[in-house]
Every structure is written in C-alpha cells, then in structure tokens.
Amino acid sequence: MKPTNTQVLFRQEPHGFPTSEDFEIVKTPLPDLAAGQVLISNLYLSLDPYMRMLMGGGWTYSGNPMTPGQVMVGRVLGKVVESNNPDFTPGDRVVGRLGWQTHAISDGSNLDFKIATKKDVPLTAYLGACGSNGVTAWVGLKIIGNPKAGETVLVSAAAGSVGSAVGQIAKTLGCRAIGIAGSEEKCRIVTDEFGFDACCDYKRGDLAEQIQSVANDGVDVYFDSVGGEMLDTVLPCLNRAARVPVCGVLCQYNAEGGCYGVKNTRLIFDKKLRLQGFLLSDYREVWSEARAELEDLVASGRLRYRETIATGIENASEAFTGMLRGHNIGKQLVQLM
Ligand SMILES: NC(=O)c1ccc[n+]([C@@H]2O[C@H](COP(=O)([O-])OP(=O)(O)OC[C@H]3O[C@@H](n4cnc5c(N)ncnc54)[C@H](OP(=O)(O)O)[C@@H]3O)[C@@H](O)[C@H]2O)c1
C-alpha cells in the first residue's frame, strides 16, 4: 500500500518571526509514478534562513517568493524507494529541493546530487558541513574573501552551520579565526570545539571592544551573515583593503519596519574595502570541488560540526522559528523518518 504524504504548506506571510499560524499541515495520497519519476522517502529536512525570505517581505534572493498553499521550499536528504528512472535505484540516498514533506516524487531535475557514501562522513553532513552550508562557507571565504595565511578572519553567526565551517576553513588556510556568536555557551563551543582562536558574544553589548581586544592586528576578512548594526560595529575594526563577503542579512529577515541604516559607510571608501554579496547558486561550477574538499576535512576530523535535530514534520515550523531566534547550535535539521 502506498504511504500517505504529510506536507507543510506555506499559509501566509508572517509578521515578524513566523508562528504556527503561517503554516498548514496536510495529508495527501501519493499518485502512481510516471515514466522517469522516482518516489523518495524523506529522511531529514534542512531548515535555513533563506526560507523566511521566500515567505514574503519583497526579497528577490533565492528565486520567487512562495504562494499560499505551496509546499514549503526546503532542501531534503531522502532515500529512493521506487524508481521509474534509469539513473536511480531504490536505496540511493539523494539531496535535493524536495520541500517540507515526508515523501517526494521527482524526475531528478530538483535533485542536487546522489550521495556516494564516504567513510567517516555521516549522512546528515550532506545537509550541513558537506552540503550547501559548507559549500557556501567555502565559496564565500575562499573565492570572495580570498584570505592569505597569517590574516585575521572575523565570522558572524559563528556557532551556526555556515559560520562554524568558515572559521575552520580559515584555520586550514593558516589564518586566525575570530567568531561572533549570541551567548557565552555558543562562544565556548566556537573556540573549544570548532577551534576558532577567539569568540565575541555580541549580546553582551560591547562588541567593538571585544573585537579590538582579540584582533590586535585588525581584521582582514569579515564574513558577514548579519548586516545592519553588527556590520557598522565591525567596519572600524577592518584593515585597509579588507574583504567582506556578504553572505546574508540575518538581522533583517524577521524585521518589521525600516532597515537599519549603516552609518560608517565613509570607511568603505576611506579604507578601500571590498563588500561583495554572493549567492551559492551562482557558483555551481565549484560545488563538486568544494564538496570533495569538505568531505576530506570532515573525514579527517579537521572540520567539526554540530547539529540541532527536531523530530517529526509536525515540529518543523517551531524548529524553524527557533533557528531564526538563535536556539540552534550548528545545523538545524528535522528528522522525518
Ligand atoms: N549567500 C548564500 O548563498 C547563502 C547560502 C546559505 C546560507 N546563507 C546565509 O548564511 C547565514 C547563516 O545561515 P545558516 O544556515 O548557517 O544559519 P545558522 O547560522 O545555523 O542559524 C542562524 C543563526 O543566526 C544567528 N542570528 C539570528 N538572528 C541574528 C541577528 N539578528 N544578529 C546576529 N545573529 C543572528 C543565530 O545565532 P546567534 O545565537 O549567534 O545569534 C542563529 O543560530 C544566513 O545569513 C543565511 O541567509 C547564504
């Protein structure tokens, strides 16, 4: 007998942080497979900040906004259970944009890759350190940030999935890594587990002083996932010709009303800084190279990561809001099966 598909639909644009009212859970029967299609049993759902932008607010990042009634967009790790497609056999593990649902039918076009299991790389790493988050860190740091050995790399959201990878990749390049995170506990994990040289707790309220006290020679690369006031605070700490890969604007995803106006813009000119926004989807040509490198780093223990795992699709929306509020450490996942 065919299983029933449980789906989380986008219901309405949230005001501020999303609540359960903004989602709807439905159960739907699964149709028979057409030629070329596969049935996938979804094992883990990745929860990412970009999904909040797809829920409204006028963002054009990452494709079109969702429309009410649509299955929530999301990357999933799943197992092929039935195949009418010669490229896939039952048992294959795949990662793709399959949405917030327990099952998916795919013709392969929305799949990112088939997982070739590698010793000492756990499966869920393919949604985090060896998946799009790790590759984002790799692209943003190596291509946009372009750090040289001996330079200092400052990383915001450093206890999160992308940020924790950025600092550790920086260390493999011979750089000094300094994190910024939102609690004393997160800062301890950033230094003691992820091996950053120092970490500043931005919620203490004296971020500029903390950065100055640990970045004695200034900052050469600021990996910016937050924007706004934090960027303003960091700008005076940057060295001449520093690079700022702009990976995201976490401070604005749930903000209602106007945007924070960055005041220290004269420093961009004065110090000849280079701020560059980037999107992972524009760097497809390096994905496999990056993933292979990240797999080696994870397998050899040089890239460590944490996961915060919620259980059950019915708890996905709560876990999503929790991640946006900073309740996660490392990659936020939902175990579906
Ligand atoms: N450019 C791209 O192609 C691309 C691809 C993937 C991800 N991203 C971006 O990368 C960033 C990190 O994503 P992720 O998936 O790794 O998420 P994550 O860092 O694992 O989780 C989000 C974290 O952001 C921090 N945060 C939330 N609001 C904040 C605020 N107002 N100020 C400072 N920190 C805040 C929280 O940690 P604290 O407790 O430390 O505040 C929270 O745990 C996001 O900006 C995301 O949009 C960009």
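Definitions and limits used
- Each chain has its residues counted from 1, following the order in which its sequence is written.
- Restriction of local features to residues with pLDDT of at least 70 applies here, the model being predicted, together with a cutoff of 80 or more for giving and counting side-chain atom pairs; totals for whole chains, interfaces and linings are based on all residues.
- The way it works is that DSSP assigns letters per residue, a run of H or I at least four long becomes a helix, a run of E at least two long becomes a strand, and they are numbered from the N terminus.
- Computation of the radius of gyration draws on C-alpha atoms, with the globule rule given as 2.2 Å multiplied by the number of residues to the power 0.38.
- We call a residue exposed when 12 or fewer other C-beta atoms sit within 10 Å of its C-beta, buried when the count reaches 20 or more, and partly exposed for counts in between; the C-beta positions come from the backbone.
- For every residue pair, C-beta atoms are placed from the backbone, and the pair is scored as a contact if these atoms sit within 7 Å.
- DSSP bridges decide pairing: two strands pair if at least two such bridges lie between them.
- To decide whether a residue is near a molecule or strand, its C-beta atom is placed from the backbone and checked for lying within 6 Å of it.
- Residues are grouped as follows: nonpolar covers Ala, Val, Leu, Ile, Met, Phe, Trp, Tyr, Cys and Pro; charged covers Asp, Glu, Lys and Arg; every other residue, Gly included, is treated as polar.
- By convention here, the domain bounds are inherited from an automatic or database domain assignment.
- For this entry, the nonpolar core is defined as buried Ala, Val, Leu, Ile, Met, Phe, Trp, Tyr and Cys residues connected by C-beta atoms within 7 Å.
- What counts as an axis is a line fitted to C-alpha atoms, over the stretch in contact for a helix, and the angles between N-to-C directions run from 0 to 180 degrees.
- Between the first and last residue of a helix there are one fewer steps than residues, each counted as 1.5 Å, and that sum is the expected span.
- To be clear, the arc concerns the directions from the helix axis to the C-beta atoms.

## Observations concerning the overall build of the chain
A tally of regular secondary structure across the chain gives nine helices and 15 strands. The C-alpha atoms of the chain give 20 Å as radius of gyration, which agrees with the globular expectation for 337 residues (20 Å, within 12%). The buried share of the chain, taken over its 337 residues, is 45%. Residue pairs at least 24 apart in sequence account for 66% of intrachain contacts in the chain once pairs closer than 6 positions are excluded.

## Let's talk about the pairing of strand E3 (residues 38–46)
The element E3 is largely enclosed, with a buried count of eight among its nine residues. As paired elements, E3 and strand E4 (residues 76–83) share seven bridges and run antiparallel to each other. Looking at E4, one finds that leucine 39 is bridged to glutamate 82. Strand direction decides the pairing type here: E3 and strand E15 (residues 331–335), joined by three bridges, are antiparallel. In the sheet register, tyrosine 44 faces E15, and the bridge partner there is glutamine 335.

## Points about the site of the ligand
Contacts to the ligand come from 26 residues, most closely from Gly160, Gly182, Gly248, Leu280 and Gly326. Mapped by element, the contributors of at least two residues to the shell around the ligand are helix H2 (132–145) and helix H3 (161–172). Residue composition of the shell around the ligand, grouped by class: 14 nonpolar, ten polar and two charged. No fewer than three residues from each of domain 1 (4–128 + 306–335) and domain 2 (132–281) sit in the shell around the ligand.

## A look at the nonpolar core
With 93 residues, the main nonpolar core has Leu154, Ala316 and Val334 as its most contacted residues. Top contributing element to this core by residue count: E3, with six residues. When neighbours within four sequence positions are excluded, valine 334 is seen to be in contact with Tyr44, Leu45, Leu47, Ala310, Ile313, Asn315, Ala316 and Ala319.

## Focus on the domain arrangement of the chain
Taken domain by domain, the chain holds domain 1 (4–128 + 306–335) and domain 2 (132–281). If you look at the interface, domain 1 gives 15 residues, while domain 2 gives 15 residues. Split into classes, the residues belonging to the side of domain 1 that touches domain 2 amount to five nonpolar, six polar and four charged.

## Here's the deal with the sheet that holds strand E13 (residues 274–277)
Read across the sheet, six strands follow the order E10-E9-E8-E11-E12-E13 without closing on themselves; strand pairing throughout is parallel. Either end of the sheet is taken by a strand with one partner, and the two such strands are strand E10 (198–201) and E13. Strand-to-strand twist in this sheet, taken as the mean axis angle between neighbours without regard to direction, amounts to 15 degrees. Taken together, the two bridges between strand E11 (residues 219–223) and strand E12 (residues 238–246) define a ladder with parallel strand orientation.

## Focus: helix H8 (residues 287–299)
With 13 residues, H8 ought to run about 18 Å at 1.5 Å a step, and its terminal C-alpha atoms sit 18 Å apart, in line with that. Within the span of H8, buried status applies to Ala290, Arg291, Leu294, Glu295, Leu297 and Val298. Seen end-on, H8 carries its buried residues on one side only, within an arc spanning 165 degrees. What points out from H8, more than 90 degrees from its buried face, is the exposed set Ser288, Glu289 and Ala292.

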